Amino acid sequence: MADFDIKKLLQSVTVHGASDLHLVSRTEPQIRLDGSLKPVNLPKLTGENIEEMCYSLITERQKQHFEEYNELDFALLLPNIGRFRANYYRTLGDMAAAFRTIPIDVPSLDDLGAPLVYKSLIKREKGLILVTGPTGSGKSTTLAAMLNEINLHYSKHIITIEDPVEFIHQNKKAVFSHRGVGEDTKNFATALKYAMRQDPDIILIGEMRDKETIEAALTAAETGHLVFGTLHTSSAPSTINRIIDVFSGEEQPQVRAMLSSSLVAVIAQALLPKLGGGRVAASEILITNHAISNLIREDKIHQIYSQMQLGQGETGMQTQTQVLLKYLREGKISRDIALQYANKPDEVSKLL
């Protein structure tokens, strides 16, 4: 049997600057570089190889959890190697694993080249800021950079509720209470309920998965807290629909009223392969103003997109189409990539 060393494999991930490592039986270990999977030059893995490697990283309690549920999510810190978010699962009866790298140094908004409007968003005292996009679109990184900006300038109590905890912030001006679901709290909804008694200024919700969590987030945003959350939606208007659709028909008018008064911004982002290597974030930005509040309250979500196209110099808003066209003009991305990632490919090709 070939001798695989999981720590060496994870080290090669950080050395190559890869985002993920995949261990699946009947194939070589694979790493994701600039969004594409590449096999590592090693023999094919068996279920036993993977089990041996993966069990060496976890506690007895985690092992029991995995054997009972066939799923395990956790964060892992390997000294001198890096920090990872890990998921163990089964495929055709064999154990498999996915590791995502989490930078130990929290990036700043300037490091990310984030739009300037992000710096004014974090100055809000209360409300809901959503960062959305598919898995692997850099949502956690954008949120970490926003919290980092707050940490550098404001004395606030920040509670993060995540599954598992990803970026760990060192207290600069702010004080962080990081809470891992499963480790430090039972679930998102429970943690949010008790967060109100922990005197937070700012709450980060790793994932707004269910009605209870979304309801608690809206209430927290209404009662004077700044709440950051994530959803797996690809555009700003679809994010608003997704939240409303979680509720039953008779609850929806009230939820629309709550959203219209508490939603501050939606940032829907995707990471695009850049010409010449690397990736670039394309972000659609919706910032709630009087007109958009009215559209949410009156159930005219379909009109929000055209509202986002108006007077962008003043509002700081941008549609994804405009960002894609800008990157094309600047030579950052190819035409094919622009069309492949576009939420509105027809609009993009017409403007091209």
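Everything that follows concerns the structure shown earlier in this document.
The structure displayed is predicted, hence computed values, not measured ones.

A. Inspection of the overall build of the protein at higher detail. From N to C terminus, the protein includes 16 helices and 13 strands. Relative to the globule expectation of 20 Å for 352 residues, the C-alpha radius of gyration of the protein, 21 Å, shows essentially globular dimensions. The principal-axis extent of the C-alpha atoms belonging to the protein is close to 65 × 50 × 40 Å. By sequence separation, contacts in the protein at least 24 residues apart represent 56% of the contacts at least 6 residues apart. Carbon and sulfur atoms provide 48% of the accessible area of the protein, an area that totals close to 16800 Å². Charge-centre separation for the protein: the mean point of 38 positive side chains lies 5 Å from the mean point of 42 negative side chains.

B. Structural context of the packing of helix α8 (residues 211-222) against helix α10 (residues 252-262). Two elements in contact, α8 and α10, have axes whose closest approach is 10 Å; the angle formed by their N-to-C orientations is 45 degrees. Classed by the angle they form, the pair α8 and α10 counts as oblique. Crossing hand, α8 versus α10: left-handed. The segment α8 lies against α10, with Leu218, Thr219, Ala221 and Glu222 engaging Val255, Met258, Leu259, Ser261 and Ser262. Counted by class, the contact of α8 with α10 contains five nonpolar, three polar and one charged residues.

C. Here's a closer look at the sheet that holds strand β10 (residues 202-205). Strand order across the open sheet formed by seven strands is β9-β8-β10-β11-β7-β12-β13, with mixed pairing between neighbours. The strands lining the two open edges of the sheet, one partner per strand, are β9 (175-180) and β13 (279-287). Strand-to-strand twist of the sheet, defined as the mean angle between neighbouring strand axes without regard to direction, takes the value 15 degrees. Its contacts with the sheet place helix α7 (residues 188-195) against β8 (157-162), β9 and β10, and it is angled at close to 165 degrees to β8.

D. Highlighting the sheet that holds strand β1 (residues 20-23). Taken together, six strands build an open sheet; the order of strands is β3-β2-β1-β6-β5-β4 and the sheet is antiparallel. If you trace the sheet from one side to the other, it starts and ends with β3 (36-39) and β4 (71-78), each paired once. Each strand axis lies, on average, 25 degrees off the axis of its neighbour in the sheet, ignoring direction. Here helix α1 (residues 6-16) sits on the sheet and contacts β1, β2 (30-33), β4, β5 (82-91) and β6 (94-102); the angle it forms with β1, its principal contact strand, is near 145 degrees. Relative to β6, helix α2 (residues 47-55) is tilted by about 45 degrees, and along the sheet it contacts β1, β5 and β6.

E. Here's a closer look at the nonpolar core. In this structure, Phe228 and Leu286 are the most contacted members of the largest nonpolar core, which totals 61 residues. If we ignore the near neighbours within four places in the chain, the residues touching Leu286 are Ala236, Ile240, Leu263, Val264, Ala265, Val266, Ile292, Ile304, Met308 and Met317.

F. Quick look at α1. Here α1 has its buried residues at Ile6, Leu9, Leu10, Ser12 and Val13. The buried residues of α1 occupy an angular sector of 155 degrees when the element is viewed end-on, so they sit on one face. More than 90 degrees from the buried face of α1, the exposed residues found are Lys8 and Val15. Of the surrounding secondary structure, the elements contacted by the buried residues of α1 are β1, β2, α2, β4, β5 and β6. Where α1 begins, the side chain of Asp5 points an oxygen toward the backbone nitrogen of Lys7, at a separation of 2.9 Å. A positive backbone phi angle near 70 degrees is found at Gly17, which sits one or two residues after α1.

How each quantity is defined
- Residues numbered from 1 in each chain as written.
- Predicted model: local features only at pLDDT ≥ 70, side-chain atom pairs only at ≥ 80, totals over all residues.
- Heavy atoms only, no water.
- Helix = DSSP H or I, 4+ residues; strand = E, 2+ residues; numbered from the N terminus.
- Rg over C-alpha atoms; globule rule 2.2 N^0.38 Å.
- Contact = heavy atoms within 4.5 Å.
- Areas by Shrake-Rupley, 256 points an atom, 1.4 Å probe, with all protein chains shown as cover.
- Lys, Arg positive; Asp, Glu negative; His and termini not counted.
- Charge placed at Lys NZ, Arg CZ, Asp CG, Glu CD.
- Axes fitted to C-alpha atoms, helices over the stretch in contact; angles between N-to-C directions.
- Parallel < 35°, antiparallel > 145°, perpendicular 65-115°, else oblique.
- Left-handed = near helix turned anticlockwise from the far one by under 90°.
- Nonpolar A, V, L, I, M, F, W, Y, C, P; charged D, E, K, R; others polar.
- Pairing = 2+ DSSP bridges.
- Core = buried A, V, L, I, M, F, W, Y, C linked by side-chain atoms within 4.5 Å.
- Buried < 20%, exposed > 50% of the residue type's maximum accessible area, 1.4 Å probe, protein only.
- Arc of directions from axis to C-beta.
- Polar contact = N/O pair within 3.5 Å; in protein donor to acceptor, adjacent residues only side chain to side chain.

Shape descriptors only; they carry no functional weight alone.
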